[in-house]
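If you want the building blocks of each chain, they are given just below.
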Amino acid sequence: MTTLTLPAPAKLNRLLHITGRREDGYHTLQTLFQIVDLCDQLSLTAREDGEIQLVNRVPGVADDDNLIVRAARLLQRASGTRQGATLALDKSLPMGGGLGGGSSDAATTLVGLNALWQLGFSLEELAALGLSLGADVPVFVHGHSAWAEGVGEQLTSVSLDTPWFVIVHPGVSVSTAAVFLDPQLTRDSRPITMARALQGGAPEWRNDCEAVVKRRYPAIAEALDWLSQHAPSRLTGTGACVFAAFDDAQTAYAVAEAAGHHGHAWVARGLNTSPLHDALGC
Ligand SMILES: C[C@](O)(CO)[C@H](O)COP(=O)(O)OP(=O)(O)OC[C@H]1O[C@@H](n2ccc(N)nc2=O)[C@H](O)[C@@H]1O
Ligand SMILES: Nc1ncnc2c1ncn2[C@@H]1O[C@H](COP(=O)(O)OP(=O)(O)OP(=O)(O)O)[C@@H](O)[C@H]1O
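This structure is a prediction, so every number in the text was calculated from the model and none was measured.

Calculation rules
- Residues numbered from 1 in each chain as written.
- Chains lettered and ligands numbered in written order.
- Predicted model: local features only at pLDDT ≥ 70, side-chain atom pairs only at ≥ 80, totals over all residues.
- Heavy atoms only, no water.
- UniProt positions renumbered as here; feature names shortened; annotations may be inferred.
- Helix = DSSP H or I, 4+ residues; strand = E, 2+ residues; numbered from the N terminus.
- Axes fitted to C-alpha atoms, helices over the stretch in contact; angles between N-to-C directions.
- Parallel < 35°, antiparallel > 145°, perpendicular 65-115°, else oblique.
- Left-handed = near helix turned anticlockwise from the far one by under 90°.
- Contact = heavy atoms within 4.5 Å.
- Polar contact = N/O pair within 3.5 Å; in protein donor to acceptor, adjacent residues only side chain to side chain.
- Buried < 20%, exposed > 50% of the residue type's maximum accessible area, 1.4 Å probe, protein only.
- Pairing = 2+ DSSP bridges.
- Domains from an automatic or database assignment.
- Buried area = accessible area lost by both parts, 1.4 Å probe.
- Salt bridge = Lys/Arg side-chain N within 4 Å of Asp/Glu carboxyl O.

A. The arrangement of the UniProt feature "domain: GHMP kinase C-terminal" (unreviewed entry) in the chain in detail. If you check UniProt for "domain: GHMP kinase C-terminal" (unreviewed entry), the listed places come out as residues 205–263 in our numbering. Secondary structure content for residues 205–263 is 47% helix and 14% strand, while the C-alpha to C-alpha distance between its ends is 24 Å.

B. Region of the structure containing the packing of helix α2 (residues 101–116) against helix α3 (residues 123–131). Between α2 and α3, the least distance of the axes is 10 Å, while the angle of their chain directions is 135°. One finds that α2 runs oblique with respect to α3. Note on packing geometry: the crossing formed by α2 with α3 is right-handed. Where α2 approaches α3, its residues Leu 110, Val 111 and Asn 114 are matched on the opposing element by Leu 123, Leu 126 and Gly 130.

C. Here's a closer look at the side chain of Ser 233. Here Ser 233 lies in strand β8 (residues 233–235). Of note is the side chain of Ser 233, whose polar atom sits 3.3 Å from the backbone oxygen of Leu 227. A polar contact of 3.2 Å, which involves the side chain of Ser 233, links it to the backbone nitrogen of Ser 228. Dropping the residues within four chain positions of it, Ser 233 is found in contact with Leu 224, Leu 227, Ser 228, Phe 243 and Ala 244.

D. Geometry of the environment of Ala 245. Within the secondary structure, Ala 245 sits in strand β9 (residues 242–246). Ala 245 gets classed as partly exposed once you look at its relative accessible area, which sits at 30%. Residues Ala 245 and Thr 162, 83 residues apart in the sequence, show an inter-C-alpha distance of 8.9 Å. Once residues lying within four places of it in the same chain are set aside, the contact partners of Ala 245 are Arg 14, Pro 163, Trp 164, Phe 165, Ala 231 and Pro 232.

E. Structural detail: the pairing of strand β7 (residues 164–169). Across the six residues that make up β7, a large majority, five, are buried. Taken together, the five bridges between β7 and β9 define a ladder with antiparallel strand orientation. In the sheet register, Ile 167 faces β9, and the bridge partner there is Phe 243. Examined bridge by bridge, β7 and strand β10 (residues 264–271) share six bridges and lie antiparallel to one another. Looking at the pairing, Val 166 lines up with Val 267 of β10.

F. Up close: the domain arrangement of the chain. Domain parsing of the chain yields domain 1 (3–158) and domain 2 (164–271). The C-alpha centroid of domain 2 is placed 22 Å from the C-alpha centroid of domain 1. Between domain 1 and domain 2, a total of about 2900 Å² is buried, with carbon and sulfur atoms accounting for 63% of that surface. By the criterion of area lost to domain 2, the three top residues of domain 1 are Arg 14, His 17 and Ile 18, representing 22% of everything that side buries. For the interface between domain 1 and domain 2, the tally reads zero salt bridges. Taken together, domain 1 and domain 2 are joined by 22 residue pairs in polar contact (both at pLDDT 80 or more). Elements with a contribution of two residues or more to the side of domain 1 that touches domain 2: β1 (3–21) and β2 (27–47). At 11 residues, β1 tops the list of elements feeding residues into the side of domain 1 that touches domain 2.

Structure follows, in structure tokens:
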């Protein structure tokens, strides 16, 4: 029996600008995605009976809605394979945290099963499939820090600095759909060039969702205000997590320890390549 145990890393949006709204309601954005070394773990075991079996439930998510089950079934349909898989998910990333955990789990399922079932799809083909599961799936399939446009699926690999991040989860769960529906959301930012984005610093390194999210979730506003006393701090995605970058691990761990009642805090290293792709050599 063959089993692959693979990481599903989190992402941070180092900046997030919303530049418009498409006719289907989805928003066009510009973002710098950075993968970090905070991960869920997924074990994939091949089965000959064609079944997709989930070993452990994600609380609050029906098995048929679980993004890893949906990703596995999608790949079965797209390839016509008769193979199945047993999926075991060891979850560390918070749900609705803006760290892209569900999307990353789906991406690891697609990339991992493509290897396990020896299907031979390219990463581009898997990313296109994954987009139907969520706007953040393609960057995790792509497996590299990226400048992204469209709804996050038009990706250009970039190399970012790799600081130590303090990531604080203020204990609330944010509905991405509700933030994007909020009438007060800034959705007309002027598009900027990738070169300008990569220069870094204010005013480009901002998150357009921040004002709406701070208004709707006071706990996130408080966590951001607190973390900003230590270093420039931002929201990732639509939250709930906020983060700040530090040059050395020691300072990052000291700040994480002091986060106290603002929520659960992690220290994570910024990466440019995904540990998933390192593990599979792809
Ligand atoms: C905000 C980001 O986290 C930035 O990385 C992502 O764009 C969100 O990606 P995601 O969580 O995978 O979002 P999805 O599951 O695709 O979408 C959730 C809901 O958010 C809204 N949505 C999402 C992405 C986007 N570019 N425009 C939107 O308007 C849509 O109403 C959608 O129904
Ligand atoms: N395997 C899974 N892990 C986490 N969430 C899942 C999973 N499958 C389905 N979901 C659903 O997807 C929702 C979003 O989860 P996710 O962890 O990706 O949020 P997020 O970190 O806010 O993502 P993003 O940054 O893309 O907005 C959850 O609230 C949950 O209902």
